[in-house]
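Coordinate inspection notes
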Amino acid sequence: MSKPTLLILAAGMASRYGSLKQIDAFGPHGETIIDYSIYDAINAGFGKVVFIIREEFLDKMKEVFDEKLKGKIEVDYAFQDFDLKKYGIDREIERAKPWGTAHAVMSAKNHVDGPFCVINADDFYGTDSYEKMSKFLTTEVSDNQMALMGFQVGNTLSDYGYVSRGVCVVSPSGHMESVTERTKIYYKEIEGEKKIVFEEGDVITELDPESRVSMNFWGFTPKVFEVAEGMFRDFVEKNSEDPKSEFFIPSVADYFVQTKQADFKVIPTSSKWFGVTYKEDKEIVQASILKLIADGAYPEKLF
């Protein structure tokens, strides 16, 4: 079986972070979070990486990544843009940014020809996650059996503001029964205790800190492109007047499950997750990486 592909969602403008965090330096020799993801993916057996970016990022991304990855893993680039015609939608809709994470995945359709994994550019998932996903994608995956890495929500929050997470309901057999994207999860003081809540409209709901959530670490086959495109056409029609609406990966995964087209295995991981949503997160991530290097998990210089 061919080696799986790694898709990296790197088209975001990082508005809450304040700069292009995809290429910001976090390691001791200027390594990006993406560098650590690719290092782990190579060691886990991935054979290709596809950066999903805005076309205007291309020169900068190639400058940062092409030379250091040459001969180590195949590198490709896919562009997330505003062109709806390639999805059979004959209209133009004014938006400040593209249509979300599932739309980003659709942008890579012509760059993937086998099982693949999707991750965020700004999340550090750890070695264990890549090893387990690579094993799944080479031994278990099929058009009716896909997967996600399941993290405990209490281990995935920022102290500096809200985050988005796909909150999962998991069956006793370890499969996803449903997943719902919650775009505002944060810590809130309730009756003198620090609680985890999510906000939807004017309603605030408490969340169990052990709830399993998606960190956009998914294992798919190319079947997802066909299903997502059909859903996307309906989504655009229903949300054409909402310039902030987003088509999320969890919506596609949940549709697979609810229509019984595929099961999603929730793969537990011992990896320590950390990421950058806000500028204040940067020091925490840098310190965490230095500790991993000191513990021997990574070399001081990756490439």
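These notes cover the structure that comes with them. No experiment lies behind these values; they were computed from the predicted model shown.

Before going further, it helps to examine the overall build of the chain. Looking only at helices and strands, the chain features seven helices and 13 strands. Relative to the compact-globule value of 19 Å for 303 residues, the chain shows a C-alpha radius of gyration of 19 Å, a close match. Taken over the C-alpha atoms alone, the chain extends approximately 50 × 50 × 40 Å along its principal axes. The 303 residues of the chain split such that 52% are buried. Counted over contacts in the chain with a minimum sequence separation of 6, partners at least 24 positions apart contribute 74%. As displayed, the chain offers around 14,200 Å² of accessible surface, 46% of which is attributable to carbon and sulfur atoms. Computed over 36 positive and 50 negative side-chain charges, the inter-centroid distance for the chain is 2 Å.

The next thing to look at is empty space enclosed by the protein. Under the definition given, this model contains one cavity of 30 Å³ or more. Quantified by volume, the largest cavity comes out at close to 40 Å³. If you go around the largest cavity, the residues you meet are A102, V105, F220, V224, A228, I249 and V252. Of all elements in the fold, only α3 (101-106), α5 (223-239) and α6 (249-258) reach the threshold of two or more residues within the lining of the largest cavity. Looking at the lining of the largest cavity, its residues break down into seven nonpolar, no polar and no charged.

Further remarks concern the pattern of salt bridges. Scanning the model with the defined rule gives 17 salt bridges in all. E237 is the partner of R91 in a salt bridge, and the nearest nitrogen-oxygen pair spans 3.6 Å. With R91 in the loop between β3 (74-79) and α3 and E237 in helix α5, this pair connects stretches of sequence that are 146 residues apart. For R91, a relative accessible area of 31% translates into the label partly exposed.

Bringing the pairing of strand β6 (residues 145-152) into the picture now. Taken across its eight residues, β6 has seven buried, putting it largely inside the fold. Of the pairings in the sheet, the one linking β6 to strand β12 (residues 263-268) comprises six bridges and is parallel in character. Among the inter-strand pairings, Q145 is bridged to a residue of β12, identified as D263. Bridge count for β6 against strand β11 (residues 212-220) is five bridges, and the pairing is antiparallel.

The next thing to look at is the packing of helix α1 (residues 33-44) against helix α4 (residues 127-139). Their axes nearest at 9 Å, the elements α1 and α4 cross at an angle of 40 degrees. One element, α1, and the other, α4, form an angle in the oblique class. Where α1 crosses over α4, the handedness of that crossing is right-handed. Contacts from S37, D40, A41 and A44 of α1 reach α4 at T127, Y130, E131 and S134.

Moving on to the side chain of H103. Counting through the fold element by element, H103 comes out in helix α3. When near neighbours in sequence (up to four residues on either side) are disregarded, H103 contacts Q80, D81, Y87, P98, F232 and F247.

The next point concerns the layout of surface pockets. By volume, the second largest pocket is sized at about 250 Å³. For the second largest pocket, the lining is made up of 18 residues, of which L157, S158, W273, F274 and I284 are closest to its centre. The set of elements that each furnish at least two residues to the lining of the second largest pocket consists of β7 (163-170), β13 (274-275) and α7 (281-294). With four residues, α7 is the largest single contributor of residues to the lining of the second largest pocket. Across the lining of the second largest pocket, the residue classes break down as seven nonpolar, seven polar and four charged.

Our focus in this paragraph is the environment of F26. Secondary-structure assignment places F26 in the loop between β1 (5-9) and α1. The buried category is assigned to F26, whose relative accessible area is 2%. Distance in space between the C-alpha atoms of F26 and G230 is 39 Å, their sequence separation being 204 residues.

What follows covers the side chain of T5. Relative to the elements of secondary structure, T5 occurs in strand β1. Look at T5 and you get buried, because its relative accessible area is 6%. When neighbours within four sequence positions are excluded, T5 is seen to be in contact with F46, K48, V50, P115, F116 and C117.

Under the criterion given, the structure shown has 23 aromatic pairs. Centre to centre, the rings of F116 and F220 are 5.8 Å apart; their planes meet at 50 degrees, and the pair counts as tilted. Taken together, the residues F116 in strand β4 (residues 116-120) and F220 in strand β11 connect sequence positions 104 residues apart. When sorted by exposure, F116 lands in the same class as F220, which is buried. Three or more aromatic residues joined by ring pairs make a cluster, and in this case those are Y36, Y39, F124, F274, Y298 and F303. Between the NZ or CZ atom of K184 and the centre of the ring of Y162, over which it lies, the distance is 5.3 Å.

What counts, and where the lines are drawn
Residues numbered from 1 in each chain as written. Predicted model: local features only at pLDDT ≥ 70, side-chain atom pairs only at ≥ 80, totals over all residues. Heavy atoms only, no water. Helix = DSSP H or I, 4+ residues; strand = E, 2+ residues; numbered from the N terminus. Rg over C-alpha atoms; globule rule 2.2 N^0.38 Å. Buried < 20%, exposed > 50% of the residue type's maximum accessible area, 1.4 Å probe, protein only. Contact = heavy atoms within 4.5 Å. Areas by Shrake-Rupley, 256 points an atom, 1.4 Å probe, with all protein chains shown as cover. Lys, Arg positive; Asp, Glu negative; His and termini not counted. Charge placed at Lys NZ, Arg CZ, Asp CG, Glu CD. 1 Å grid on protein atoms, 1.4 Å probe; cavity = no way out; pocket = protein on both sides within 12 Å on 5 of 7 lines; lining within 4 Å. Points joined across faces, edges and corners; volume = space filled by probe spheres on them. Nonpolar A, V, L, I, M, F, W, Y, C, P; charged D, E, K, R; others polar. Salt bridge = Lys/Arg side-chain N within 4 Å of Asp/Glu carboxyl O. Pairing = 2+ DSSP bridges. Axes fitted to C-alpha atoms, helices over the stretch in contact; angles between N-to-C directions. Parallel < 35°, antiparallel > 145°, perpendicular 65-115°, else oblique. Left-handed = near helix turned anticlockwise from the far one by under 90°. Phe/Tyr/Trp six-rings, centres within 6.5 Å; stacked < 30°, edge-to-face > 60°. Lys NZ or Arg CZ within 6 Å of the ring centre and 35° of its normal.

Structural measurements only, silent on function.
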